[in-house]
Amino acid sequence: MRLTVAVLWMVAVTTWALEENSGSDLYDGHFPPLHPNCSQSLTDLLLLRQEIQLKELKQAEQESAGILREMADILADIKGSLTRSNTSTGISCPGNFKNYGENCLYLAKDVGINWEEALLFCQDLGGNLAVFRDANAFAHALGYVKTSGIAKTGNVWVGGNDHSVEGEWRWVTGEHMPRGTPFWGDYNYVREPVQNTAENCAFLHGADDFLMHDAPCDWKVIPLCEISASRTG
Ligand SMILES: [Ca+2]
C-alpha cells in the first residue's frame, strides 16, 4: 500500500513539473519580459526621448537648409542686380579724359594759358571748362586735381565768370554758380568772390586747398576741361 502511494505521488509531482515548465516557455515566447526592473524602464524612456529630439533636430535642420537656400537665392539676385547696375552706368571717356562721377575730366598739367584761351583749349577737345552743378561734382573734381601731382601752390581754371554783370557769377553753360561752402574759399578772412571788376574769372586756388577764388582773367594757369558723360550701357 505504501509503495503504491509513493509511486502515485511521484507521478503526480513529475506531471505537475512538466506542465509548469511547458507553460513558462509558452508565456515567454509570446510575451517576453519588457523590463526586468525600473532602471531598464528609465533607460527606455530616455532613449525614446532622445529619438524624438533627434527627429525634431533633423526637421529643424531641413527647415534651416531651406532658409539658407532662400537667402542664397536672394543674395544671388542682389549680386546680379548690382552687376547689371554697374554695367549700365559705365562711362566711356575719350582721349586723356578720365571718368569722375557723372563726367569726364582732363587736367592739362603742362599747359599755362589765360581764361579765354583755356575755354578755347577745352572746346577744341570737344568739351568745356569744368562746371560744378552740385557738391558731388565739385568733390570729384577736387579729388582728381589733388591727386594729379600738380604743385599745392598751383592754380586751375574752371568754367565760371562774372564778365557780363559784376558780382553775378555764372557757369559757361549759363546757370548761376553756387555760393559759399563748399565751393568758395576765403581770402584775408573774407569769403570769395568779392566785388572786384579786376577779378572776373573763377579758378581753383592751390594755396587754399583748391577751393574756388576769383582772379584776373589774364593769369596763365592750368585748365580743367570737362566732357559730358557718354554712357555705354
Ligand atoms: Ca568780378
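Residues numbered from 1 in each chain as written. Predicted model: local features only at pLDDT ≥ 70, side-chain atom pairs only at ≥ 80, totals over all residues. Heavy atoms only, no water.

## Considerations on the overall build of the chain
Looking only at helices and strands, the chain has four helices and twelve strands in total. When each of the 233 residues of the chain is scored for burial, the buried share is 29%. Here the contacts in the chain between residues at least 6 apart in sequence split such that 68% fall between residues at least 24 apart. Carbon and sulfur atoms make up 58% of the accessible area of the chain, which totals about 15,700 Å². (Helix = DSSP H or I, 4+ residues; strand = E, 2+ residues; numbered from the N terminus. Buried < 20%, exposed > 50% of the residue type's maximum accessible area, 1.4 Å probe, protein only. Contact = heavy atoms within 4.5 Å. Areas by Shrake-Rupley, 256 points an atom, 1.4 Å probe, with all protein chains shown as cover.)

## Brief notes about the state of the cysteines
Tallying each qualifying case throughout the model produces three disulfides. Between the sulfur atoms of C122 and its disulfide mate C225 the distance is 1.9 Å. Sign of the S-S torsion, about -75 degrees for the bond between C122 and C225, identifies this disulfide as left-handed. Note that C122 is positioned in helix 3 (residues 115–124) and C225 in strand 11 (residues 222–228), a separation of 103 residues in sequence. C225 matches C122 in its accessibility class, with the two residues each being buried. Shown here for the chain is a disulfide pattern of 1-2, 3-6, 4-5, where each number marks a bonded cysteine counted in sequence order. (Disulfide = S-S within 2.5 Å.)

## Structural notes on helix 4 (residues 135–146)
Compared with the 16 Å implied by 1.5 Å per residue over twelve residues, the 16 Å span of helix 4 between its first and last C-alpha is a close match. For helix 4, the set of buried residues is A137, F138, A141, L142, Y144 and V145. The buried residues of helix 4 occupy one face: seen down the axis, they fall within an arc of 160 degrees. On its buried face, helix 4 sits against strand 2 (98–100), strand 3 (103–107), strand 5 (155–161), strand 9 (201–205), strand 10 (211–215) and strand 11. Capping the start of helix 4 is the job of one residue whose side-chain oxygen sits 3.1 Å from the backbone nitrogen of N136: D134. (Expected span 1.5 Å × (residues − 1). Arc of directions from axis to C-beta. Polar contact = N/O pair within 3.5 Å; in protein donor to acceptor, adjacent residues only side chain to side chain.)

## Topic: the packing of aromatic side chains
Applying the stated rule across the entire model yields eight aromatic pairs. Ring plane angle 25 degrees and centroid distance 4.6 Å describe the contact between Y100 and Y144, whose orientation is recorded as stacked. Remark: Y144 occurs in helix 4 and Y100 occurs in strand 2; sequence separation between them is 44 residues. Looking at Y144, the relative accessible area reads 7%, which means it is buried. (Phe/Tyr/Trp six-rings, centres within 6.5 Å; stacked < 30°, edge-to-face > 60°.)

## A word on unusual backbone geometry
That bond from T181 to P182 is cis: its omega, 0 degrees, falls within 30 degrees of zero. Structurally, the position occupied by P182 is in the loop between strand 6 (170–171) and strand 7 (186–187). Note the cis peptide between E192 and P193, where omega equals -5 degrees. Looking at where P193 falls in the secondary structure, it is placed in the loop between strand 8 (190–191) and strand 9. Its identity is not glycine, yet N188 carries a phi of approximately 50 degrees, on the positive side. In this fold, N188 is placed in the loop between strand 7 and strand 8. Its identity is not glycine, yet Y189 carries a phi of approximately 65 degrees, on the positive side. The exposure class assigned to Y189 is exposed, which follows from its relative accessible area of 83%.

## What to know about the pairing of strand 5
In terms of burial, strand 5 is largely enclosed, as seven of its seven residues are buried. A two-sided burial pattern is seen for strand 5, the buried positions comprising N155, W157, G159 and N161 on one face and V156, V158 and G160 on the other. Sheet topology note: the strand 5/strand 9 ladder contains four bridges and is antiparallel. Each bridged residue has a counterpart across the sheet, and for V156 the counterpart in strand 9 is L204. In this sheet, strand 11 lies alongside strand 5 in parallel orientation, the contact comprising two bridges. By the bridge assignment for strand 11, W157 is matched with P223. (Pairing = 2+ DSSP bridges.)

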